Each structure stands twice: as structure tokens, then as C-alpha cells.
Amino acid sequence: MIDIDNIKQLAIEKGCTVKENEPMSRYTTFKIGGNAQLLVIVPDVSALKAILRQCDKDKIPVFLLGKGSNLLVSDKGIDGVVIKLDGGFKKITLVDDDTVYCGAGASLASVCRFALDNGLSGLEFAWGIPGSAGGAAYMNAGAYGGEMKDILINCNHITKSGETGTLSGEELALSYRHSAYADNGNIITGLSLRLHKDSKAEINRRMDDYMQRRKDKQPLDYPSAGSVFKRPEGYFAGALIQDSGLKGESVGGAMVSPKHSGFIINTGGATCSDVMSLIEHIKSTVNEKFGVELECEIKPVGKF
């Protein structure tokens, strides 16, 4: 077990909320996961810098937790420090007529509502995505023909050694479900979005339309981590899985959703091991039947 006493004490001094051996199942949309050795809920940039510097000095692994909407946490949990952004990291402001700045800890839902309230369009595609703004930038989240790449101006970040920086434009390296932050390990603290004026009625109409489509097609009544696999070139993962006869297939409490084959749902008491076994079964079956190698969109985290 990693010695985290220094970090625990520092976090308390910096006004953070600290929880030892905290079940990660409480913080993921899958409702799956063992304990985090130390969960630190951070209120501001000053505290985050100090904690990252100490973790870097003590060589303690750090994992940043957003809304837990795209994660599969190991049944054995996570060693080291799990950081969750709170307080000032949830603030959303209007920079000018068409630019919104939001902290990385703000929920996408709250940013969407802020844009609507200010008559700003461009973020409607994200309405209903159960993630954080930082997580959306990190993975270039997208839906219904829109993606963060279309509206993201820049991201502010802190490096693992506690230094601040910014990436903008091509430096963000935004591609399908990927950004530079997936490679560089820096923690996004906030982001700027370029939107455009439109009538609130039209923005609201589009948001309602996208939400209804989600309700009609996605298994929102069960815990899940969203789409399990990235879209293979020239195919749809859900269609490949369904055409492989895997709809409703289950391992333990994990099941391929009968409503949408691109989702694995937790029908009750599913473990990470159940989900991993089902993923491997899906991948091998689809590869055998169609010669397509499915790639996971869900991020496995923790001790495997």
C-alpha cells in the first residue's frame, strides 16, 4: 500500500475534503468499482497545484475523476490519490458575446443550461451526455453530428509537477474521442468555448429533440458507461454486436443492452470482472463473424 499520509495532511490544510478507502462505485455511472485509497475533493487551483507537486515529489500516482461517466474501475480499486474537482472548478462565466469559460469540474448539463440561458448555440449536441466539461474536452466528446472540436478554443491545465499552461487550436490534437491530454497526462482545469447567438426557443427545441432521441434509443434506466466501443471505420459497433446475436448476452450482472447493443448495462451487482469478460466475449465474437477489431471507448482504471 502506498504511503499517502503527507498528501492527506496537506489536502486537509488546503481545505480539501479527504476520504480514505472510498468506494468508487459511488462516483461512476456504471455503479462499479473498488475503493480509492485516498479521494481528495479539491476546491481551487492553489490546492490542486500543491497536491500535484507533493504527489510528484513522493512519486504517488494520481487519477483525475470527472463525472465517472466513461470509466470502468477495477474491483480491486485504485492505489494512490484520486482527485475530484469542486468549488471554483464548477464556475461558468460569459467572457464576451459568444465565448463561455467553464471550470473543468462543471457538468456538461450545467454548461448546456448556461448557454441556453444566454441564447448561445453550438453545445446542444452535448445535452444529455452525463460527463464533466473537462472530461468532454479530454475525450473530444460528441453526438448527433457535433463534437467538442467544433467549439473548443483552448484548455487551461496543470502539469503533474504543478505548473500551469494552456493548449489551443491544433495543439489540442482533437480527433475522434481523443485529445492531446490523453497523451500528456496534464490535468485540465478549465476551457473556453466559442458559441454563436440564436433564439432561446430554437436552442431549447434542439436540446429537447436530442434528449428525446437519447431516451428513445439508449438504456437510460440502467447504470452504464455509455457507448462501450469506438465506431469502427465504415461500421457501427452496436449494429455489429446485434448482428452477431449478442443482444441480451450477459456475464454475471453485466448485460448487452436489449435496447441498444452498443451499451453494456449493470442489471444489478455487476462487477468490473463481469464487464471485462463480456467485453472480451463481444470483441472475439464480432472479430470472428465480421473480421472487425472493436476498440473500447470506456477507460479501465485501477488495479488489474
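No experiment lies behind these values; they were computed from the predicted model shown.

Enquirer: Which residues make up the packing of aromatic side chains, and what are the values?
Expert: On inspection of all chains with the given rule, the structure shows 1 aromatic pair. Ring geometry for Tyr144 and Tyr210: centres 4.9 Å apart, planes at 5 degrees, overall stacked. With Tyr144 in the loop between β9 (142-143) and β10 (146-147) and Tyr210 in helix α6 (residues 200-217), this residue pair connects regions lying 66 residues apart in the sequence. For Tyr210, a relative accessible area of 14% translates into the label buried.

Enquirer: Now, about the pattern of salt bridges: what can you tell me, with residues and values included?
Expert: Counted according to the given criterion, the structure contains 13 salt bridges. With a closest N to O distance of 3.9 Å, Arg194 and Asp98 form a salt bridge. With Arg194 in strand β13 (residues 187-194) and Asp98 in the loop between β6 (92-96) and β7 (99-103), this pair connects stretches of sequence that are 96 residues apart. Assessed through its relative accessible area of 43%, Arg194 is described here as partly exposed. Ionic pairing is found between Glu297 and Arg177, a salt bridge with its closest N-O pair at 3.7 Å. Of the two residues, Glu297 is situated in the loop between α8 (272-290) and β19 (299-301) and Arg177 in the loop between β12 (164-168) and α5 (181-184); the sequence distance between them amounts to 120 residues. Overall, Glu297 belongs to the buried group, its relative accessible area being 14%. Under the relative-accessibility criterion, Arg177 is labelled buried at 17%. Because the salt bridges share partners, they merge into one network encompassing Glu124, Asp198, Glu202, Arg205 and Arg206.

About the criteria used
Sequence order sets the numbering: in each chain, residues are counted from 1 along the sequence as written. Given that the model is predicted, a residue must reach a pLDDT of at least 70 before its local features are reported, and side-chain atom pairs must reach 80 or more before they are shown or counted; all residues, however, enter totals for whole chains, interfaces and linings. Side-chain numbers here rest on the full set of heavy atoms in the structure, without hydrogens or water. The criterion for an aromatic pair is that two Phe, Tyr or Trp rings (for Trp, the six-membered ring) have centres within 6.5 Å, with stacked assigned to planes under 30 degrees apart, edge-to-face to planes over 60 apart and tilted to the rest. The numbering of helices and of strands both runs from the N terminus, where a helix is a DSSP run of H or I of at least 4 residues and a strand a run of E of at least 2. Buried means the residue's accessible area, taken with a 1.4 Å probe over protein chains only, is under 20% of the maximum for its type, while exposed means over 50%, and partly exposed covers the values in between. Each reported salt bridge corresponds to a side-chain nitrogen of Lys or Arg within 4 Å of a carboxyl oxygen of Asp or Glu.

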